[in-house]
2 protein chains.
Amino acid sequence: MIERMKKQMEFIVEIDRIKSIFRKTKLFDGSRHENDAEHSWHLAMMALLLGEYSNEKIDILKTVKMVLIHDIVEIDAGDVMVYDVVDSEKLKKETSAAERIFGILPEDQKAEFMALWKEFEVKRTPESRFAAAVDRLEPVMQNYHNDAETWKEHGIKYGRIREINEKMKAGSEALWEFAHSMIAECREKHYI
Amino acid sequence: MIERMKKQMEFIVEIDRIKSIFRKTKLFDGSRHENDAEHSWHLAMMALLLGEYSNEKIDILKTVKMVLIHDIVEIDAGDVMVYDVVDSEKLKKETSAAERIFGILPEDQKAEFMALWKEFEVKRTPESRFAAAVDRLEPVMQNYHNDAETWKEHGIKYGRIREINEKMKAGSEALWEFAHSMIAECREKHYI
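Calculation notes
- Residues numbered from 1 in each chain as written.
- Chains lettered and ligands numbered in written order.
- Predicted model: local features only at pLDDT ≥ 70, side-chain atom pairs only at ≥ 80, totals over all residues.
- Heavy atoms only, no water.
- Least-squares fit on C-alpha atoms with pLDDT ≥ 70 in both.
- Contact = heavy atoms within 4.5 Å.
- Buried area = accessible area lost by both parts, 1.4 Å probe.
- Salt bridge = Lys/Arg side-chain N within 4 Å of Asp/Glu carboxyl O.
- Polar contact = N/O pair within 3.5 Å; in protein donor to acceptor, adjacent residues only side chain to side chain.
- Helix = DSSP H or I, 4+ residues; strand = E, 2+ residues; numbered from the N terminus.
- Axes fitted to C-alpha atoms, helices over the stretch in contact; angles between N-to-C directions.
- Parallel < 35°, antiparallel > 145°, perpendicular 65-115°, else oblique.
- Left-handed = near helix turned anticlockwise from the far one by under 90°.
- Nonpolar A, V, L, I, M, F, W, Y, C, P; charged D, E, K, R; others polar.
- Phe/Tyr/Trp six-rings, centres within 6.5 Å; stacked < 30°, edge-to-face > 60°.
- Lys NZ or Arg CZ within 6 Å of the ring centre and 35° of its normal.
- Core = buried A, V, L, I, M, F, W, Y, C linked by side-chain atoms within 4.5 Å.
- Buried < 20%, exposed > 50% of the residue type's maximum accessible area, 1.4 Å probe, protein only.
- pLDDT = per-residue confidence, 0-100.
- Expected span 1.5 Å × (residues − 1).

Q: For this particular structure, what's the right way to read the relation of the copies chain B and chain A?
A: Take chain B, turn it by 180 degrees, move it 0.0 Å along the axis, and it overlays chain A with an RMSD of 0.0 Å. Here the transformation between the copies is reduced to the relation of a two-fold axis. A share of 100% of interface residues in chain B that are also interface residues in chain A marks the association as one of identical surfaces.

This is how it looks when you write it as structure tokens:
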């Protein structure tokens, strides 16, 4: 086997571990926690279907790539909840994780994935802002559908939920409007 | 909320159920069965990384879309293993499933997904042939890495494994060559 394919296949085996990184959020039916592979698949579907609600014109393939790979660093660095305060230690850990894991790939593919991951992290392009919006929207929808189980379990209140998720506006005003209506309903029900 | 977005969000909730459709194959480490969402995420990653090995030039976004949605029908129709004989009853069930589930979407998106799903099923385009190749490759890699657990459990022997997976050639000669070397090694180890 050529060296290039060997590296690609080694990476494909390595990323299987994302299926064992469990998130704080649960499936829509609340039956169990969701893992990063399932979450990434769902975001890719949302990027395909909801791109029309992006504030700015986006390249769908680039957005899909971004959401498919955005949590791969968690294989080494662990799950971070959107409400967690991320310190410099955590950021260093994630950067090392990206270097190690994307570093398994041939140089050109490593460079592409590193760039996409960094772009997602800094959110200064239309694609990364929209990707971040769907990354926030999925857990809001999950909480809405399972009686806010995760929010209740972690004692996360309305003010904080609104503050964090309002950032969705930067990628999509329309999706934030939809998310806000769900958050407001959870508040009316005294879940949060 | 506008009617269009309502349909899209209903679909996004509905497809969460794919996370509870478990396949016969296990994760690379053999620790548990893989579900359809995880499988679809992994195929999308493979389509992004291995497109260069397609026999024919392919549209990557179209291929990624195809692998992301190809198993959604299993929400209603259940998992089918690549070694199963699929009868007309099963095909009818899958078509009804596609009609019901993709039918939740607005007309234009329903039409796109129906067309992509049918294209994947009939395998008469470069993208569908390549998508089918990675769909076959992932379980071969999984079996190779977990001592052929699924093949042993279901009593699937070398001849049948070779016969079924050789079809990979239609999408990628290079990926078949790689898969064949893994299958041959499993045979040498008397796993199959």
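Q: Sorry, what's going on with the interface of chain B and chain A here?
A: Buried accessible area, meaning the area lost when the parts come together, often serves as the stated size of an interface. In this complex, chain B contributes 51 residues to the contact, which on the side of chain A involves 51 residues. When chain B packs against chain A, close to 4200 Å² is buried across both sides, 76% of that on carbon and sulfur atoms. The three residues of chain B that bury the most area against chain A are Lys 19, Trp 41 and Leu 49 of chain B, which together make up 17% of that side's buried surface. Counting the contacts that link chain B with chain A gives 6 salt bridges. In this structure, the connection of chain B to chain A is made through 24 residue pairs in polar contact (both at pLDDT 80 or more).

Q: Explanation requested: the side chain of Glu 127 of chain B in the structure shown.
A: Residue and element names in this part refer to chain B. One can find Glu 127 in helix α7 (residues 126–145). Here Asp 59 takes part through its backbone nitrogen, which lies 2.8 Å from a polar atom of the side chain of Glu 127. Setting aside chain neighbours within four positions, we find Glu 127 in contact with Ile 58, Asp 59, Lys 62, Thr 63, Met 66 and Glu 119.

Q: Just to check I follow, could you spell out the packing of helix α3 (residues 60–69) of chain A against helix α2 (residues 36–50) of chain B for this structure?
A: Helix-helix packing is described using two parameters, namely the angle between the two axes and the distance between the axes. Between α3 of chain A and α2 of chain B, whose axes approach to 11 Å, the crossing angle comes to 125 degrees. Taken together, the axis directions place α3 of chain A and α2 of chain B in an arrangement best described as oblique. Both α3 of chain A and α2 of chain B take part in a crossing whose hand is left-handed. Side by side, α3 of chain A and α2 of chain B meet where Leu 61, Lys 65, Leu 68 and Ile 69 of chain A of the first sit next to Trp 41, Ala 44, Met 45 and Leu 48 of chain B of the second. Of the residues assigned to the contact of α3 of chain A with α2 of chain B, the class counts are 7 nonpolar, no polar and 1 charged.

Q: Please explain the packing of aromatic side chains as it appears in this structure.
A: To describe a pair of aromatic rings, one takes the distance between the centres and the angle between the planes. Residue and element names in this part refer to chain A. Per the stated rule, a full pass over the model turns up 6 aromatic pairs over all chains. In this structure an aromatic cluster arises from ring pairing among Phe 11, Phe 102 and Phe 113. Above the ring of Tyr 191, the side-chain terminus of Lys 152 is found at 4.4 Å from the ring centroid.

Q: Would you mind going over the nonpolar core with me for this structure?
A: Soluble, globular proteins show a tendency: their nonpolar side chains are buried together. In this structure, Phe 11, Ile 72 and Leu 137 of chain A together with Phe 11, Ile 72 and Leu 137 of chain B are the most contacted members of the largest nonpolar core, which totals 124 residues. With sequence-adjacent residues up to four places away left out, Phe 11 of chain B is seen in contact with Met 45 and Leu 49 of chain A together with Ile 72, Ile 101, Phe 102, Ile 104, Leu 105 and Phe 113 of chain B.

Q: When you look at helix α3 (residues 60–69) of chain B in this model, what are you seeing that I'm missing?
A: It helps to recall that an α-helix has 3.6 residues per turn; residues three or four apart then point in one direction. Summarising burial for α3 of chain B: 7 of the 10 residues are buried, a large majority. Listing the buried residues of α3 of chain B in full gives Thr 63, Val 64, Lys 65, Met 66, Val 67, Leu 68 and Ile 69 of chain B. Structurally, α3 of chain B contributes buried residues whose contacts are with α2 (36–50) and α3 of chain A together with α2, α5 (88–102), α6 (107–122) and α7 of chain B. Taking the backbone nitrogen of Leu 61 of chain B as reference, a side-chain oxygen 3.1 Å away marks Asp 59 of chain B as the first, capping residue of α3 of chain B.

Q: When you look at unusual backbone geometry in this model, what are you seeing that I'm missing?
A: Although it is not a glycine, His 190 of chain A sits at a positive phi angle of roughly 60 degrees. Here His 190 of chain A is to be found in the segment after α10 (173–188). Taking relative accessible area as the criterion, His 190 of chain A reaches 71% and is therefore assigned exposed. Positive phi, normally seen in glycine, also occurs at Ala 148 of chain B, with a value near 55 degrees. On the secondary structure map, Ala 148 of chain B appears in the loop between α7 and α8 (149–153).

Q: Looking at this structure, how should I read the environment of Met 9 of chain A?
A: Inspection of the secondary structure puts Met 9 of chain A in helix α1 (residues 3–14). Residue Met 9 of chain A is classed as buried on the basis of its relative accessible area, which comes to 4%. With 95 residues separating them along the chain, Met 9 of chain A and Ile 104 of chain A place their C-alpha atoms 9.3 Å apart. Residues within four places of Met 9 of chain A in sequence aside, it is in contact with Leu 50, Leu 137, Met 141, Leu 175 and Phe 178 of chain B.

Q: Explain the confidence of the model for chain A to me, please; I cannot follow it from the model alone.
A: Caution is warranted with low-pLDDT regions, since their predicted coordinates should not be read in detail. Confidence in the prediction for chain A averages 96 pLDDT; 100% of positions are at 70 or higher. Scored as a whole, the predicted complex attains pTM 0.97, and scored at its interfaces, ipTM 0.97.

Q: What is the right way to look at α2 of chain A in this model?
A: Spanning 15 residues, α2 of chain A covers 20 Å between terminal C-alpha atoms, matching the ideal 21 Å at 1.5 Å per step. Where α2 of chain A starts, the residue carrying a side-chain oxygen 3.0 Å from the main-chain nitrogen of Ala 37 of chain A turns out to be Asn 35 of chain A.

Q: Which parts of the structure should I look at to understand the side chain of Gln 8 of chain B?
A: Along the chain, the position of Gln 8 of chain B falls in helix α1 (residues 3–14). At a separation of 3.4 Å, a polar atom in the side chain of Gln 8 of chain B contacts the main-chain carbonyl oxygen of Leu 49 of chain A. Leave out the neighbours within four places in its chain, and Gln 8 of chain B touches Leu 49, Leu 50, Glu 52 and Tyr 53 of chain A together with Leu 105, Pro 106 and Gln 109 of chain B.

Q: Teacher, can you tell me more about the pattern of salt bridges here?
A: Oppositely charged side chains can pair when the atoms bearing their charge come close. A full pass over the atoms with the stated rule returns 43 salt bridges over all chains. Arg 4 of chain A is paired through a salt bridge with Glu 52 of chain B; the nearest N and O atoms lie 2.7 Å apart. Of this pair, Arg 4 of chain A sits in helix α1 while Glu 52 of chain B sits in the loop between α2 and α3, which puts the two residues in different chains. Across the pair Lys 62 of chain B and Glu 127 of chain B runs a salt bridge whose closest N-O atoms are separated by 3.8 Å. Taken as a pair, Lys 62 of chain B in helix α3 and Glu 127 of chain B in helix α7 lie far apart in primary sequence, 65 residues in all. For Glu 127 of chain B, a relative accessible area of 10% puts it in the buried group. Sharing partners across several salt bridges, the network here consists of Asp 16 and Lys 19 of chain A together with Arg 23, Glu 34 and Glu 138 of chain B.

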